[in-house]
Structure formats: C-alpha cells, structure tokens
Amino acid sequence: MKMDPKIDMLWRTYLVYFLILVFGIAIITQIILVQTKESKQYIELAKQKEYRVDTLKANRGNIYAANGDLIATTIPIYHTYFDTRVVADTTFAKGIDSLSAQLANLFPKRTAGQWKQYLENARKDGRQCAIARDVTLPNLRKMQKFAIFKTGIYTGGLAKDEETKRIRPYNDLAGCVVGYVNEIDGTTYYGGLKASYNKYLKGQDGRRLVRRIHHWGSMPVESEEDIDPRDGADIVTTFDIRLQDIVESALLNTMTTNKAQQGCAILMDVETGYIRAMANLQRNDKTGKYEETYNFALSARYEPGSVFKIASMIVLLNHHPELTLEDKVNIGTGSIKFSNRIMKDD
C-alpha cells in the first residue's frame, strides 16, 4: 500500500526534529557535567596555566674600601624584546622609520635600514623579536621614549626581562682578594671575600604570585604567600684603593724587571694591623703577561726565610728595650726539640 506523500513528509520532519532534540539534550547534559562534576578539575588546570610563582632575586651586598669607595656592587640589566603583534597598523606604519633610526643610534650593530627590515619581517611573521641584551637602566629609559615604544607596554610592544649583574668599578684591582661566586653546570665555586662572607652578601630571595595577562606579559597578584626579597648586607674592608693601585704597580714593575714567575705583596698598617693592600701576580706562560689568578699571599705555603729575622728582632727589642740596632748580641750555641727532631745552632 502506497503511503500518502503528505504523511511521509510529516514522518520525515518528525524524525529530523527528534534527532535534533536528542542532540540538544546531549549537549545540555555535557554542559551540566562540565559545570558540576568536572568544573573543579578544569578550573584547576586553567589556574595552573594562568598563575605562576616567580622568584624575586635578592641583590647581593656591596663591598667597600675603607674610605667608602665601591669595590664591588650589583646593577640591574635588561634583555629587551619587541612584540610586533600588539602594535596597531597605523602606529607601526607611522613610527617604524623613526624607531629604526633611534635603534641604530643606540645599538649600531644594525643600520637604520637593517633595523627596519628586521622589525618588518618580525611583524610579517607575527612574532616577537629580540632587540638587545644586557641593556643598562639609563639605556632602557631612552628606549621607552622611542617611537612606537613610548605608547606603552601593552600597545608599544617593548618587553623586558630583568637580571642583575655584578660589576667592579676598579676592574681587576685586588681581584683575588675580592674573589668570586660562580655557578658552572650546577656547581658553585667560591673564592676571596665573596666566599668568606657569602652568607651575609647573598641576602634572601623572595617569591611572588603573578598572573599571565598576555603572551609575554604578567602582573603581580596579591597573595598571603608572597615574600619580599631581603638584600644582602654590605661589607666595609680595610683596603685603600689608592694604596692598592700603588702596590700592584710596584709589584708588576719588580716582577717584570726580575722576570719572576710569581709574587705577592701585602701592605699592613703596623699601628692597627689593618691590611691596606694585597697584590698577587703570576706570569701566564702562553701570553707572557702577568695576571692575578691566585692568592699567593694567603693560600700558598713557603718557608719564611729571612723574613723571620724581622720577627726575631721585634721579639728581642720588645724584651730588651735597652738594646739598639747597633748592639751586637752573641746568641751562642744551643739546641731545641721541634716535633721529633733536634734543631741545633752551631
């Protein structure tokens, strides 16, 4: 029996409506499950990607000479980038020539034309590009006033990573004495004052919760778990930079004249016992130049030799103030036991 075409069409319509209804119920059911049973899991995953805890590095303490001159200090440096994706088309087109010229003036590793081509390629590829590393704070301030960059961090695209760098205003003067703290392949190497007083100099790092707000940017979020960094303590030494320079120059001249392999010199204030200068030099056999690579004054062991005569004379004059440097003293002969040996003065 042939079905009426109208009834056949009606059944087809009902079937489509039924399938749509089932599909709609399935979607609604899944939404309810996500919002109830699985919502905590998805929220937690989102938070893990959106929030992170950053370490706030403490600034190491400064090292000063006796008169207040800086021997070692810490300065901030910045690695800068340009996110071309956040800059409006009109702003980029209007400012690219000026920005390229300004970058070429501050960072002449590229000409203005090369900078323009470099930035335009980055924008064409839709990516962030590096500008310069180890940028000082004064130069960063200049960059923030450049074309395009001056419109702000979220519309100008200038991004930065901050680090700290240890510098010595007097370069390698008293280098071995000041010392070092270097980390190489996970191992930390120490030397000099920086090693002896590292627990005071290093301070204590802090931590801060931040929230990601852009593909390269983040902002701090107040949290009870935040800890402010505590900068390291400063050290004031007994060194005199002027005398240190004189001692190092005198040692270098003497060693050069005598073609010595290594040598050291210590200058002490006899009234206080303060060390005013300490120099150490060793000849580099490859270059033939003298370098300060090892603290012979404190670390090397040698027989005192004739230097000990000075100590003997001091003891003598302290115990017998009636004697003068012109007097002759007959020390005679004798012996003394030192460890398991008998030392004789014949």
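Now for a quick tour of the structure. (Residues numbered from 1 in each chain as written. Predicted model: local features only at pLDDT ≥ 70, side-chain atom pairs only at ≥ 80, totals over all residues. Heavy atoms only, no water.)

### Overview of unusual backbone geometry
Stated formally: Secondary structure elements are defined from DSSP: runs of H or I of at least 4 residues count as helices, runs of E of at least 2 residues count as strands, and each element is numbered from the N terminus.
In this structure, Ala174 is a non-glycine residue whose phi angle is positive, near 60 degrees. Among the secondary structure elements, Ala174 is positioned in the loop between strand 5 (158-167) and helix 7 (175-178).

### Section: helix 4 (residues 112-125)
We apply this condition: Each helix should span, by expectation, one fewer than its residue count multiplied by 1.5 Å. Only heavy atoms matter for contacts: two residues are in contact if any of them lie within 4.5 Å across the pair.
Compared with an ideal rise of 1.5 Å per residue, which puts 14 residues at 20 Å, helix 4 spans 20 Å between its outermost C-alpha atoms and is within 8% of the ideal. Buried-residue contacts for helix 4 involve strand 3 (70-83), helix 3 (89-106) and strand 4 (128-136). Gly126 sits one or two positions beyond helix 4 and adopts a positive phi of about 65 degrees.

### What about the layout of surface pockets?
Test applied: Site definitions follow a grid-based scheme: protein atoms alone, a 1 Å grid, a 1.4 Å probe that fits but cannot get out for cavities, and for pockets an open set with protein on both sides within 12 Å along at least five of seven lines, plus lining residues having an atom within 4 Å of a point. Grid points are joined across faces, edges and corners, and a volume is the space filled by probe spheres set on the points. Polar here means any residue outside two lists: the nonpolar Ala, Val, Leu, Ile, Met, Phe, Trp, Tyr, Cys and Pro, and the charged Asp, Glu, Lys and Arg; Gly therefore counts as polar.
Approximately 970 Å³ is the volume found for the largest pocket. Taken together, 35 residues line the largest pocket, and the ones lying closest to its centre are Arg60, Tyr180, Val181, Asn182 and Lys194. Each residue belonging to the lining of the largest pocket can be placed in one class, and the counts come to 10 nonpolar, 16 polar and 9 charged.

### A look at the nonpolar core
The cut-off we apply is this: Buried Ala, Val, Leu, Ile, Met, Phe, Trp, Tyr and Cys residues form a nonpolar core when they are joined through side-chain atoms within 4.5 Å. Exposed residues in this analysis have more than 50% of their type's maximum accessible area, buried residues have under 20%, and partly exposed residues fall in between, with area computed by a 1.4 Å probe over protein chains only.
Among the nonpolar cores identified, the biggest contains 26 residues, and Phe82, Leu99, Leu103, Phe107, Leu119, Ile131 and Met143 are the most heavily contacted of them. Looking at this core, the elements that each hand over two or more residues are strand 3, helix 3, helix 4, strand 4 and helix 5 (137-143). Here this core takes 6 residues from helix 3, the largest share from any one element. If near-sequence neighbours (up to four positions away) are discounted, Phe107 is found in contact with Trp115, Ile131, Ala132, Val135 and Met143. Residues Ala72, Val178, Leu201 and Met278 belong to the second largest nonpolar core, which totals 15 residues.

### Some thoughts on the sheet that holds strand 13 (residues 290-291)
To keep things clear, this is the line we draw: DSSP-based pairing: two strands are paired if at least 2 bridges between them are found. Simply put, an axis is a line fit to the C-alpha atoms, just over the touching stretch for a helix, and the angle between two N-to-C directions goes from 0 to 180 degrees.
Pairing in this open sheet of 3 strands is antiparallel, and the strands run 11-12-13 from one edge to the other. Whereas interior strands pair on both sides, the edge strands pair on one side only; in this sheet they are strand 11 (262-268) and strand 13. Alignment of strand 12 (residues 275-283) against strand 13, held across 2 bridges, turns out to be antiparallel. Bridge pairing links Gln282 to Glu291 in strand 13. Relative to the sheet, helix 10 (residues 241-258) contacts strand 11, strand 12 and strand 13, its axis offset from that of strand 12 by approximately 30 degrees.

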